[in-house]
Amino acid sequence: MILVVDVGNTNIVLGIYQGKELLHHFRISTSRQSTVDEYGVLIHNLFQMSKILISEIEGVIVSSVVPPLVRVVEEMCLKYIKKAPLIVGPGIKTGLNLRYENPREVGADRIVNAVAAVEQYGGPLIVVDFGTATTFDCIDSKGNYLGGAIVPGIGIATEALVQRASKLPRVELEKPKKVIGRNTVHAMQAGIIYGYAGQVDGLVKRIKAEMEADNVKVIATGGLAELIASESDSIDKIDEMLTLEGLRIIYERN
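Please read all numbers here as calculations on a predicted model, not as lab measurements.

Q: Requested: an account of the UniProt feature "binding site: ATP" (unreviewed entry) in the chain, with residues and values cited.
A: Sites flagged by UniProt as "binding site: ATP" (unreviewed entry) map to Asp6, Val7, Gly8, Asn9, Thr10, Asn11, Ile12, Val13 and Thr132. Spatial clustering of the annotated residues is evident: they stretch over 127 residues in sequence, but the largest pairwise C-alpha distance comes to 13.3 Å. Cross-referencing the annotated residues with the lining of the largest cavity gives Ile12. You can see Asp6 is positioned in strand S1 (residues 2-7). By relative accessible area, Asp6 is classed as buried at 13%. Leaving out residues up to four positions away in the same chain, Asp6 has contacts with Asn11, Ile12, Val13, Ser63, Asp109, Thr243 and Leu247. Position of Asn9 relative to the elements: it lies in the loop between S1 and strand S2 (11-18).

Q: Would you mind going over the sheet that holds S2 in detail, with residue names and values included?
A: As a general point, the strands of a sheet are linked pairwise by backbone hydrogen bonds and lie either parallel or antiparallel. If you trace the 5 strands from one edge of the open sheet to the other, you get S3-S2-S1-S4-S5, paired in mixed fashion. Across the chains shown, the open sheet's two edge strands, defined by having one partner strand only, are strand S3 (21-29) and strand S5 (86-87). Judged from the 2 bridges that link them, strand S4 (residues 59-64) and S5 form a sheet pairing that is parallel. If you follow Ile61 over to S5, its bridge partner there is Leu86. Here helix H7 (residues 242-253) sits on the sheet in contact with S1, S2, S3, S4 and S5, set at roughly 125 degrees to S1.

Q: Account for the nonpolar core, naming residues and giving values.
A: Among the nonpolar cores identified, the biggest contains 27 residues, and Ile126, Phe130, Phe136, Tyr196, Val200, Ile228 and Ile235 are the most heavily contacted of them. Elements with a contribution of two residues or more to this core: strand S7 (125-130), strand S8 (133-139), strand S9 (144-152), helix H4 (154-164), helix H5 (184-211), strand S10 (217-221) and helix H6 (225-229). The element best represented in this core is H5, accounting for 9 residues. Setting aside its immediate chain neighbours within four residues, Ile126 contacts Asp137, Val204, Ile207, Lys208, Met211, Val216, Lys217, Val218 and Ile219.

Q: Residues and numbers for the layout of surface pockets, please.
A: Taken as a whole, the largest pocket spans an internal volume of roughly 640 Å³. Lining the largest pocket are 32 residues; nearest its centre among them are Gly8, Asp129, Phe130, Gly131 and Thr132. Counting residues per element, the ones that place at least two in the lining of the largest pocket are S1, S2, helix H3 (108-121), S7, S8, H4 and H7. With 3 residues, H4 is the largest single contributor of residues to the lining of the largest pocket. A domain split of the lining of the largest pocket shows at least three residues from each of domain 1 (2-87) and domain 2 (97-247). Its volume calculated, the second largest pocket comes out at about 330 Å³. For the second largest pocket, the lining is made up of 15 residues, of which Gly89, Pro90, Pro103, Val106 and Ile111 are closest to its centre. Looking at side-chain class alone, the lining of the second largest pocket contains 9 nonpolar, 5 polar and 1 charged residues.

Criteria and cut-off values
Residues numbered from 1 in each chain as written. Predicted model: local features only at pLDDT ≥ 70, side-chain atom pairs only at ≥ 80, totals over all residues. Heavy atoms only, no water. UniProt positions renumbered as here; feature names shortened; annotations may be inferred. 1 Å grid on protein atoms, 1.4 Å probe; cavity = no way out; pocket = protein on both sides within 12 Å on 5 of 7 lines; lining within 4 Å. Helix = DSSP H or I, 4+ residues; strand = E, 2+ residues; numbered from the N terminus. Buried < 20%, exposed > 50% of the residue type's maximum accessible area, 1.4 Å probe, protein only. Contact = heavy atoms within 4.5 Å. Pairing = 2+ DSSP bridges. Axes fitted to C-alpha atoms, helices over the stretch in contact; angles between N-to-C directions. Core = buried A, V, L, I, M, F, W, Y, C linked by side-chain atoms within 4.5 Å. Points joined across faces, edges and corners; volume = space filled by probe spheres on them. Domains from an automatic or database assignment. Nonpolar A, V, L, I, M, F, W, Y, C, P; charged D, E, K, R; others polar.

Below is the structure:
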């Protein structure tokens with residue numbers, strides 16, 4: 001068994017694999033203040049709940065877009081799992097040819113998503129990851145990572161709207177019945193959900209035109225993928241476990 005850990009700005013997603021089978025997965029809040037021991041207790045409880053012994057874990061791989069937590073997670077693995085984790089970063093074997101001007105600038109999550117998408121769906125493709133930021137990653141038919149686009153995530157955009165407009169309330173991220181809202185809450189929900197879906201479709205259309213390739217597949221992942229993809233005309237498939245699969249593949253390659 002291996003443990004895969006994706007540390008994001010909002011959530012940490014963990015998966016336990018036996019071979020290629022994902023046995024369990026968990027999503028917890030990212031806390032920059034939590035200590036090695038606090039994360040250790042949390043991991044212990046999750047394992048206990050899943051009836052898996054920590055001693056059964058043969059290896060760990062971690063990707064992180066939160067630099068301060070890399071050391072914390074690494075020390076937690078050493079102390080509680082008794083394994084030195086493989087950290088996704090410079091020097092690791094991914095099998096991906098990065099055509100970025102400075103490959104070190106590419107977030108670990110974007111690399112992991114691209115690896116999984118190429119392995120499972122083949123290029124050319126676009127991966128749309130709905131996280132704290134929404135990222136668009138482009139891979140050509142030869143498996144080259146071309147680059148992409150980054151936009152504020154739905155949560156960030158919604159929070160900014162509430163903070164900057166004094167009379168607007170916080171709303172649940174759910175689809176209203178109509179685009180024309182008859183009250184403030186429904187009007188905000190319509191603007192956020194349908195407006196974001198339109199943004200995704202617009203960017204995908206422009207990216208496809210630049211890629212100049214036929215049959216470009218669009219794969220969506222991330223916590224809010226289901227919500228937005230259902231209103232998008234451009235997304236072909238939702239794969240919520242894409243990042244975890246990418247971590248498993250990279251672990252095997254190393």
